[in-house]
Amino acid sequence: MLTNRWVVLGALFVARSALGFHFQSVASVAPLLVEDLGIDFTAIGTLIGLFSLLGVLTALPAGFLGQRFGERRVCIFGLALMALSGFVMWLGDGYAMIAVGRMIAGTGGVVITVIMVKIVGDLFEGKEVVTAMAILMNSWPVGIAIGLWSQGALAETWGWQAVFLVAGIGSFVGMLLVVAVYRPGVPAVVRPLQRLAITRMEAAKVSLAGIVWVLYNAGYLMVLSFGPAMLVMRGLDIVAAGLLIANATFVYMFAIPLGGWLSEKLARPNLVMVSCFALGAITVTLVPLVDSPLLLFILAAIFIGIPTGNVMALTVETVPAEHRNTGTGLYHTWNHAGLFVGPALAGWIVTQTGDPATAMFFGGTTMALAIVALGALRVLQWREARAF
């Protein structure tokens, strides 16, 4: 007997929320790690980025592993990796073990991200799939917001190791939920891997789409990664800093569906993306220049959240259905490459300047560059259309 698909979606939501909580853990306790481990912000940025390093290699084949071994098995395996990583980081007493744990967590994270999208697509049809996907995508900022609300208090009360332990436990609970409620309609069978198929033009277009996502998303990534440290340096305690940015993240969660509705009404995706990229870039850049940045954090969350659906839709419009498995994997490869390089580079900049606020200037610059990348994609599409 099949479990209700909305119950399955709920289990996937909880499990993927643990991914957001996991991702945010290092940024939330960054000031404590700098103090206790004697590391600089280049090392902090690298730790944040390591979460996505192996995703560069695993994003492309993850979907095909699900096809070969069954989505349920592979999803459970990914969650098991996330749970394991939390315990590795909890037991680790130095930078190296935390780094290893971050890579394990990120590998599991990219696996569940790719597989859960496939599961939800199979469970829901028609208009319901849009709602279901929106719910699934919002699990990431929910996990981040929970982390921002709670991780500072956990670290101050029980030490920063407790934050990593809770991240592992949350992932384990998510794994148990998926084990308990998800039963595929068709029993999983081992299938041969399909050939990775994509044309050069499609690869170029989906790569540009991935670069747009990386550059535009880097703005809020800088807020999440270095915002807490910036606020702590300005005199807030680690709990208050997390709560302030959590409020903006809460707004971001509602800005995503609002952006989908707005884009549908306007039917001008380029206008929505370019205007939000520009306004987001200005807002993030202004953050270091004001004493009370809460309003700017909220505005940045709105401007970054609104075009999310449009940017994600670039993958669909750049690759035909028959090549979408490979195209989506390539898109996620660019995404994870950016999630590794961006924080590491920003961390180096912060180390050189001695001020975490400089990461906001970096994030604002990348958001402005997203306009250039989007323009390059549109030019490529225009040239392709003229060739036919």
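Residues numbered from 1 in each chain as written. Predicted model: local features only at pLDDT ≥ 70, side-chain atom pairs only at ≥ 80, totals over all residues. Heavy atoms only, no water.

Undergrad: For the overall build of the chain, give the residues involved together with the corresponding values.
TA: If you tally the helices and strands in the chain, you get 15 helices and 0 strands. Taken against the 2.2 N^0.38 rule, which gives 21 Å for 388 residues, the C-alpha radius of gyration of the chain at 20 Å falls within 12% of a compact globule. Projected onto the principal axes, the alpha-carbon positions of the chain cover approximately 55 × 50 × 35 Å. Charge separation in the chain, taken as the distance between the mean sites of 20 positive and 17 negative side-chain charges, equals 15 Å. (Helix = DSSP H or I, 4+ residues; strand = E, 2+ residues; numbered from the N terminus. Rg over C-alpha atoms; globule rule 2.2 N^0.38 Å. Lys, Arg positive; Asp, Glu negative; His and termini not counted. Charge placed at Lys NZ, Arg CZ, Asp CG, Glu CD.)

Undergrad: Account for the packing of aromatic side chains, with residues named and values stated.
TA: The final tally for this structure, using the stated rule, is 8 aromatic pairs. A centroid spacing of 5.5 Å and a plane angle of 75° characterise the contact between phenylalanine 23 and phenylalanine 51, whose relative ring orientation is edge-to-face. Taken as a pair, phenylalanine 23 in helix H1 (residues 5–28) and phenylalanine 51 in helix H3 (residues 41–53) lie far apart in primary sequence, 28 residues in all. Here phenylalanine 51 falls in the buried class, since its relative accessible area comes to 4%. Consider the rings of tyrosine 220 and tyrosine 252, whose centres lie 5.2 Å apart with planes at 20°: the pair is stacked. Highlighted residues: tyrosine 220 in helix H9 (residues 200–233) and tyrosine 252 in helix H10 (residues 238–266), separated in sequence by 32 residues. We classify tyrosine 220 as buried; its relative accessible area is 4%. One aromatic cluster is present, built from ring pairs that chain together Phe23, Phe51 and Trp140. (Phe/Tyr/Trp six-rings, centres within 6.5 Å; stacked < 30°, edge-to-face > 60°. Buried < 20%, exposed > 50% of the residue type's maximum accessible area, 1.4 Å probe, protein only.)

Undergrad: Give a description of the packing of H3 against helix H6 (residues 95–123) that names residues and reports values.
TA: When two helices pack together, their arrangement is given by the angle between the helix axes and by the axis-to-axis distance. Two elements in contact, H3 and H6, have axes whose closest approach is 6 Å; the angle formed by their N-to-C orientations is 30°. Overall, the two elements H3 and H6 adopt an arrangement that is roughly parallel. Together, Ala43, Thr46, Leu47, Ile48, Leu50, Phe51 and Leu53 of H3 and Tyr95, Ile98, Ala99, Arg102, Met103, Ala105, Gly106 and Thr107 of H6 make up the contact between the two elements. Among the residues forming the contact of H3 with H6, the class breakdown is 11 nonpolar, 3 polar and 1 charged. (Axes fitted to C-alpha atoms, helices over the stretch in contact; angles between N-to-C directions. Parallel < 35°, antiparallel > 145°, perpendicular 65-115°, else oblique. Contact = heavy atoms within 4.5 Å. Nonpolar A, V, L, I, M, F, W, Y, C, P; charged D, E, K, R; others polar.)

Undergrad: I'd like a rundown of the nonpolar core, residues and numbers included.
TA: Counting residues in hydrophobic clusters, the biggest one holds 100 residues, and the most contacted among them are Leu33, Phe297 and Val311. Setting aside anything within four residues of it in sequence, one finds leucine 33 in contact with Val26, Gly38, Ile39, Ile44, Leu47, Ile98 and Trp160. (Core = buried A, V, L, I, M, F, W, Y, C linked by side-chain atoms within 4.5 Å.)

Undergrad: With reference to specific residues and values, describe the side chain of serine 17.
TA: Position of serine 17 among the secondary structure elements: in helix H1. Residue serine 17 is classed as buried on the basis of its relative accessible area, which comes to 9%.

Undergrad: So what's going on with the environment of valine 74? Residues and values would help.
TA: Summarising the element assignment, valine 74 is placed in helix H5 (residues 71–91). Each C-alpha atom, one on valine 74 and one on alanine 313, is 25 Å from the other, the two residues being 239 residues apart in sequence.

Undergrad: Now, about the environment of methionine 89: what can you tell me, with residues and values included?
TA: With respect to the secondary-structure elements, methionine 89 resides in helix H5. Sequence separation between methionine 89 and glutamine 161 is 72 residues; the distance between their C-alpha atoms is 7.2 Å.

Undergrad: Talk me through the environment of serine 292; I want residue IDs and the actual numbers.
TA: Looking at where serine 292 falls in the secondary structure, it is placed in the loop between helix H11 (269–286) and helix H12 (294–305). Taking the relative accessible area as the measure of exposure, serine 292 reaches 63% and is therefore exposed. In this structure the C-alpha to C-alpha distance between serine 292 and leucine 231, which are 61 residues apart in sequence, comes to 9.6 Å.

Undergrad: An account of the packing of H1 against helix H8 (residues 160–181) is requested, with residue identities and associated values reported.
TA: Contact geometry of H1 with H8 gives a least axis separation of 9 Å together with a crossing angle of 165°. Comparing their axes, H8 and H1 come out roughly antiparallel. Pair H1 / H8 crosses with left-handed handedness. Between H1 and H8, the contacting residues are Val7, Val8, Ala11, Leu12, Val14, Ala15, Ala18, Phe21, His22, Ser25 and Val26 on the first element and Val163, Phe164, Val166, Ala167, Gly168, Gly170, Ser171, Gly174, Leu177, Val178 and Val181 on the second. Classifying every residue of the contact of H1 with H8 gives 16 nonpolar, 6 polar and no charged. (Left-handed = near helix turned anticlockwise from the far one by under 90°.)

Undergrad: Quick rundown of a nonpolar patch on the surface? Include the residues and the values.
TA: On the surface, Ile146, Trp149, Leu243, Phe250 and Phe254 cluster together into a nonpolar patch covering about 460 Å² of accessible area. Within the residue set of the nonpolar patch, elements represented by two or more residues are helix H7 (127–158) and H10. In terms of residues, the nonpolar patch owes the most to one element, H10, which gives 3 residues. Among the secondary structure elements, leucine 243 is positioned in helix H10. (Patch = residues over 30% accessible without salt bridge, like charges linked within 9 Å, V, L, I, M, F, W, Y side chains within 5 Å. Areas by Shrake-Rupley, 256 points an atom, 1.4 Å probe, with all protein chains shown as cover. Salt bridge = Lys/Arg side-chain N within 4 Å of Asp/Glu carboxyl O.)

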